Amino acid sequence: QLPAEVPNQGSWVSFARTTRAIDRLVTLGASTTQPDRWGSTPMQSLAKAGAALAEHLALRHGVKVDAVSQVRLGQVPEDVSDPNLLAAAVESGREDLVRTLVERGASPDASEALHKAAWRGDAAMARLLIALGASVRLRDGQHDATPLDWAETSLAITGNEACRGVIEYLQTQ
């Protein structure tokens, strides 16, 4: 029997890291669709963890592969209007998908994508987003901070030395 309370109010399936664990959790009654407090579904969590897990959840348990999960799996959905798609491509480090999504109409500022690249210390992604039209002056909705602020904060909190390259680049923009 599964504990009634799931961390982050989501589904136990989101924590599975093997196909066997997915099957067992579903057999025990774990939800395959319950989003967590940040809005991520089990499919989105598993797509972030690895294609085999997401594909198993889709094929074996009939869970729809949503557009964000498609991007995390390296696919471009037909409708690119969801601003979370660009964020998923940036978080996956997929420059090809970022370029394709923007070419198909996604805003380069969607979901504060440049902020996410700055936090990750991904200078190549930051350069690409700026080349595609992302604003270095955009302030995020939660902290009222610029991408440069995010890179500096990430360096201070996480110690990610790659952020130094992003900081140097953003200071010249």
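This text follows the structure it describes.
The shown structure was predicted, so the numbers you read here are calculated from the model rather than taken from an experiment. (Residues numbered from 1 in each chain as written. Predicted model: local features only at pLDDT ≥ 70, side-chain atom pairs only at ≥ 80, totals over all residues. Heavy atoms only, no water.)

**Let's talk about the packing of helix H7 (residues 113-120) against helix H9 (residues 147-158)**
Then, in step 1: Contact pair H7 / H9: the axes reach a minimum separation of 7 Å and the direction vectors enclose 30 degrees. Classed by the angle they form, the pair H7 and H9 counts as roughly parallel. Where H7 crosses over H9, the handedness of that crossing is right-handed. Where H7 approaches H9, its residues Leu114, His115, Lys116, Ala118 and Trp119 are matched on the opposing element by Pro147, Trp150, Ala151, Thr153, Ser154, Ile157 and Thr158.
Then, in step 2: Residue composition of the contact of H7 with H9, by class: seven nonpolar, four polar and one charged. (Axes fitted to C-alpha atoms, helices over the stretch in contact; angles between N-to-C directions. Helix = DSSP H or I, 4+ residues; strand = E, 2+ residues; numbered from the N terminus. Parallel < 35°, antiparallel > 145°, perpendicular 65-115°, else oblique. Left-handed = near helix turned anticlockwise from the far one by under 90°. Contact = heavy atoms within 4.5 Å. Nonpolar A, V, L, I, M, F, W, Y, C, P; charged D, E, K, R; others polar.)

**A look at the packing of H9 against helix H10 (residues 163-171)**
Then, in step 1: As a packed pair, H9 and H10 sit with axes 9 Å apart at the nearest point and diverge in direction by 155 degrees. With respect to H10, the axis of H9 lies roughly antiparallel. Helix-helix and strand crossings are classified by hand; for H9 and H10 the assignment is left-handed. Along the contact surface, H9 presents Pro147, Leu148, Ala151, Glu152, Ser154 and Leu155, while H10 presents Cys163, Arg164, Val166, Ile167, Leu170 and Gln171.

**A few points about unusual backbone geometry**
Then, in step 1: Unlike most non-glycine residues, Glu112 shows phi in positive territory, near 55 degrees.
Then, in step 2: Relative to the elements of secondary structure, Glu112 occurs in the loop between helix H6 (95-103) and H7.
Then, in step 3: Even without a glycine there, the phi angle at Asp144 is positive, about 55 degrees.
Then, in step 4: As for its placement among the helices and strands, Asp144 is situated in the loop between helix H8 (123-131) and H9.

**Overview of the side chain of Lys116**
Then, in step 1: Considering the arrangement of structural elements, one finds Lys116 in helix H7.
Then, in step 2: This buried residue, Lys116, is left without a salt bridge; Glu112 holds the nearest opposite charge, at 4.8 Å.
Then, in step 3: The contact partners of Lys116, leaving out residues within four places of it in the chain, are Ala87, Val90, Glu91, Ser111 and Trp150. (Buried < 20%, exposed > 50% of the residue type's maximum accessible area, 1.4 Å probe, protein only. Lys, Arg positive; Asp, Glu negative; His and termini not counted. Salt bridge = Lys/Arg side-chain N within 4 Å of Asp/Glu carboxyl O.)

**Thoughts on the pattern of salt bridges**
Then, in step 1: Counting across every chain of the model gives five salt bridges.
Then, in step 2: The partner of Asp23 in a salt bridge is Arg60, and the shortest N-O contact between them spans 3.9 Å. Remark: Arg60 occurs in helix H3 (residues 51-61) and Asp23 occurs in helix H1 (residues 19-27); sequence separation between them is 37 residues.
Then, in step 3: Here Arg120 ties to Asp122 by a salt bridge, and the two come within 3.2 Å at their closest N and O atoms.
Then, in step 4: The exposure class assigned to Arg120 is partly exposed, which follows from its relative accessible area of 34%.
Then, in step 5: Look at Asp122 and you get buried, because its relative accessible area is 17%.

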